[in-house]
Amino acid sequence: MLVLLSSSLLAGCAADYLNNYDTITLAAGDSQKANQLLQTVDPYNPASNNTKIEGDGARSVAVVQRYKVPPPPPPTTNMTVNVGPAGTSTQ
């Protein structure tokens, strides 16, 4: 009984010791990268200011209509295909 009690007390201390870290957060130590990003003049892509997006309106309408209206079913053929030995005729 004494061995179980002492082992449980030691296990409690070890668990508390494992929760102590050397840093405050996972991002600790990234101050140089953070300062570099703060001092960037224009971090955005220059092409992001382009509001005139080139495109063909008729082509876009046709694409939307293709999604709205289901395509017609494929034509049926009146063809019979036999697979396997059905007789003694071979060519």
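Residue positions are given per chain, counting from 1 as you read along its sequence in written order. Per-residue local features are limited, in this predicted model, to residues with pLDDT of at least 70; the limit for side-chain atom pairs, both in listing and counting, is 80 or more; totals at the level of whole chains, interfaces and linings are taken over all residues. Excluded from the side-chain calculation are hydrogens and water; included are all heavy atoms of the structure.

A.B. asks: Can you break down the overall build of the protein residue by residue, with the values?
C.D. replies: Of regular secondary structure, the protein possesses 3 helices and 0 strands. From first element to last, N terminus to C terminus, the protein shows the α and β order α-α-α. Methods summary: accessible areas were calculated by the Shrake-Rupley approach with a probe of 1.4 Å, and residue burial reflects only the protein chains presented. Counting every atom, the protein has about 9900 Å² of accessible surface; 60% of that belongs to carbon and sulfur. Secondary structure follows DSSP: runs of H or I at least 4 residues long count as helices, runs of E at least 2 residues long count as strands, and numbering of each begins at the N terminus.

A.B. asks: Describe the confidence of the model for the protein, and please don't skip the residues or the numbers.
C.D. replies: Confidence of the predictor at the level of single residues is given by pLDDT, which spans 0 to 100. Overall, the prediction assigns the protein a mean pLDDT of 75, with 73% of residues at 70 or greater. Mean pLDDT per element in the protein: helix 1 (residues 2–18) is the minimum at 67, and helix 3 (residues 57–68) is the maximum at 88.

A.B. asks: Tell me what's going on with a nonpolar patch on the surface, and back it up with residues and numbers.
C.D. replies: A cluster of nonpolar side chains, contributed by Met-79, Val-81 and Val-83, occupies part of the molecular surface with about 380 Å² of accessible area. Locating Met-79 in the fold gives a position in the segment after helix 3. Type-normalised accessible area, obtained with a 1.4 Å probe on protein chains alone, sets the label of each residue: buried when under 20%, exposed when over 50%, and partly exposed for intermediate values. Residue classification places Met-79 among the exposed positions, given a relative accessible area of 62%. Only residues whose relative accessible area exceeds 30% and that take part in no salt bridge are eligible for patches, with like-charged residues grouped when within 9 Å of each other and nonpolar side chains (Val, Leu, Ile, Met, Phe, Trp, Tyr) grouped when within 5 Å. Every case where a carboxyl oxygen of Asp or Glu lies within 4 Å of a side-chain nitrogen of Lys or Arg is listed as a salt bridge.

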